[in-house]
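# Residue-level structure breakdown
Given next are the chains, with one letter for each unit.
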Amino acid sequence: MTELDPVIHAAARLRITATLATLDPGESIAFPRLQELLDMTAGNLSTHVRKLEDAGYVAVEKTHRGRTPVTYLALTKQGRRAFEDYTDALRSVLGERP
């Protein structure tokens, strides 16, 4: 049986990963925008992003726009591959072909 990646499989992390996967490789999204898109609290989003970052799936860039701190998130190459593998595994579990 195909194993689903437990890091991505949690519902909140799946939503985060799926949203980031819609960006072009190398593109990023501001933390507040992702929070708004997913309708998640900052604390909840931050906790799940940290788990994805620890797994090497999400890159977090903290910078400043003027004097305002801004955090950008992007799917890493490893994260994109893991998401593709996850969706392939899910199709397999569901009996579909990739």
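Residues numbered from 1 in each chain as written. Predicted model: local features only at pLDDT ≥ 70, side-chain atom pairs only at ≥ 80, totals over all residues. Heavy atoms only, no water.

An unreviewed UniProt entry annotates the protein chain as Transcriptional regulator of Microbacterium yannicii.

## A closer look at the overall build of the protein chain
When helices and strands are tallied, the protein chain shows five helices and three strands. Helices (α) and strands (β) of the protein chain occur, in sequence order from the N terminus, as α-α-β-α-α-β-β-α. Projecting the C-alpha coordinates of the protein chain onto the three principal axes gives extents of approximately 50 × 25 × 20 Å. Taking all 98 residues of the protein chain together, 35% fall into the buried category. In the protein chain, once contacts between residues fewer than 6 apart in sequence are set aside, the share between residues at least 24 apart is 51%. Considering the protein chain, the positive charge centre built from 13 side chains and the negative charge centre built from 13 side chains are found 4 Å apart. (Helix = DSSP H or I, 4+ residues; strand = E, 2+ residues; numbered from the N terminus. Buried < 20%, exposed > 50% of the residue type's maximum accessible area, 1.4 Å probe, protein only. Contact = heavy atoms within 4.5 Å. Lys, Arg positive; Asp, Glu negative; His and termini not counted. Charge placed at Lys NZ, Arg CZ, Asp CG, Glu CD.)

## Regarding the UniProt feature "domain: Winged helix DNA-binding" (unreviewed entry) in the protein chain
When the UniProt feature table is mapped onto this chain numbering, "domain: Winged helix DNA-binding" (unreviewed entry) sits at residues 13-93. Taken end to end, residues 13-93 is 58% helix and 22% strand, and its two terminal C-alpha atoms sit 19 Å from one another. (UniProt positions renumbered as here; feature names shortened; annotations may be inferred.)

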